[in-house]
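Read off the chains here:
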Amino acid sequence: MLTNKDLVEWLFPRVGREKDIGEKKESIEEYEKRKLEEYKKLARRYGLASIEEYLALEKLAQYIGKSVESMFIEGYFEVRNGHVTYLKLRELALQSLPEEIGKFKYLKLLDVYGNYLEELPKSIGNLENLEILVLTSNRLKELPYEIGELKKLRKLYLEGNKIRELPKSIGD
């Protein structure tokens with residue numbers, strides 16, 4: 001989990017943070033505070049407890065060519081108890097998933113049915129609460145070793161892929 005200071009540094013690199021507002025200059029600190037409040041407001045809008053999770057959703061939305069708002073309206077994700085618990089990215093012609101997918105630590109279901117995935121990011125192993133993973137009808141040849149970190153995984157759907165064997169880390 002990022003501290004507020006780390007989050008500010010990550011969100012607002014020092015270069016070019018001074019903004020002109022009319023004739024008055026906004027200080028770097030004022031800009032950071034204002035932007036942080038904007039992100040908090042956006043996170044709350046979708047019922048999220050953390051800015052970090054909202055930012056991961058924003059990156060994911062950009063990756064699939066949508067806005068967080070349209071993803072929300074179209075049912076691509078669900079939020080429960082302040083966290084994203086369900087992600088449905090079906091038939092979006094995705095060739096890969098962004099590393100940000102690993103930021104959804106409370107995710108219980110990830111459904112990427114019917115894409116063109118050839119590999120999964122190593123960050124998939126960070127989804128410590130994942131129970132159901134739907135990888136059906138993709139182009140996967142292997143699963144990353146990190147998939148063995150998914151200790152709560154109960155159901156793994158792999159039909160329609162080119163996987164010949166599972167990593168030895170599964171079932172440890």
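Described in the following lines is the structure provided in the data block. (Residues numbered from 1 in each chain as written. Predicted model: local features only at pLDDT ≥ 70, side-chain atom pairs only at ≥ 80, totals over all residues. Heavy atoms only, no water.)

**Brief notes about the pattern of salt bridges**
At step 1: Within the structure shown, the criterion is met by 10 salt bridges.
At step 2: For Arg-80, the salt bridge goes to Glu-78, with nearest N and O atoms at 3.4 Å.
At step 3: We classify Arg-80 as exposed; its relative accessible area is 53%.
At step 4: On the accessibility criterion, Glu-78 (33% relative accessible area) is partly exposed.
At step 5: Salt-bridge contacts for Lys-108 lead to Glu-131; the nearest nitrogen and oxygen are separated by 3.6 Å. Taken together, the residues span a long stretch of sequence, with Lys-108 in the loop between strand 4 (83-88) and strand 5 (109-111) and Glu-131 in the loop between strand 5 and strand 6 (132-134) at a distance of 23 residues. (Salt bridge = Lys/Arg side-chain N within 4 Å of Asp/Glu carboxyl O. Buried < 20%, exposed > 50% of the residue type's maximum accessible area, 1.4 Å probe, protein only. Helix = DSSP H or I, 4+ residues; strand = E, 2+ residues; numbered from the N terminus.)

**Some remarks on the packing of aromatic side chains**
At step 1: For the coordinates displayed, the defined rule picks out 5 aromatic pairs.
At step 2: Measuring from centroid to centroid gives 6.3 Å for Tyr-46 and Tyr-54, while their planes differ by 10°, and the two rings are stacked. With respect to class, Tyr-46 is no different from Tyr-54; both count as buried. (Phe/Tyr/Trp six-rings, centres within 6.5 Å; stacked < 30°, edge-to-face > 60°.)

**Points about helix 2 (residues 28-45)**
At step 1: Helix length check: helix 2 (18 residues) gives 26 Å between terminal C-alpha atoms against 26 Å at 1.5 Å per residue, within 8%.
At step 2: For helix 2, the complete set of buried residues consists of Ile-28, Tyr-31, Glu-32, Lys-35, Leu-36, Tyr-39 and Ala-43. Buried residues in helix 2, looked at end-on, bunch into an arc of 130°, giving them a common side. Structural note: helix 2 exposes Lys-33, Lys-41, Arg-44 and Arg-45 on the side pointing more than 90 degrees away from its buried face.
At step 3: Looking at the residues trailing helix 2, positive phi occurs at Gly-47, about 80°. (Expected span 1.5 Å × (residues − 1). Arc of directions from axis to C-beta.)

**Overview of the environment of Gly-102**
At step 1: Along the chain, Gly-102 falls in the loop between strand 4 and strand 5.
At step 2: Distance in space between the C-alpha atoms of Gly-102 and Ser-123 is 4.6 Å, their sequence separation being 21 residues.
At step 3: Excluding anything up to four places from it in sequence, Gly-102 contacts Ser-123, Asn-126 and Leu-127. (Contact = heavy atoms within 4.5 Å.)

**A word on the packing of helix 2 against helix 3 (residues 51-64)**
At step 1: Contact geometry of helix 2 with helix 3 gives a least axis separation of 9 Å together with a crossing angle of 80°. If you check the angle between helix 2 and helix 3, you find them roughly perpendicular. Between helix 2 and helix 3, the residues in contact are Leu-36, Tyr-39, Lys-40, Leu-42 and Ala-43 and Ile-51, Tyr-54, Leu-55 and Glu-58, respectively.
At step 2: The residue makeup of the contact of helix 2 with helix 3, split by class, is 7 nonpolar, no polar and 2 charged. (Axes fitted to C-alpha atoms, helices over the stretch in contact; angles between N-to-C directions. Parallel < 35°, antiparallel > 145°, perpendicular 65-115°, else oblique. Nonpolar A, V, L, I, M, F, W, Y, C, P; charged D, E, K, R; others polar.)

**Topic: the nonpolar core**
At step 1: Leu-87, Leu-89, Phe-104 and Leu-110 are the most contacted members of the largest nonpolar core, which has 39 residues in total.
At step 2: Of all the elements in the fold, those that place two or more residues in this core are helix 2, helix 3, helix 4 (68-73) and strand 4.
At step 3: By residue number, the principal contributor to this core is helix 3, which donates 8 residues.
At step 4: Contacts of Leu-110, omitting those with residues within four sequence positions, involve Leu-87, Ile-101, Ile-124, Leu-127, Leu-130, Ile-132, Leu-133 and Val-134. (Core = buried A, V, L, I, M, F, W, Y, C linked by side-chain atoms within 4.5 Å.)

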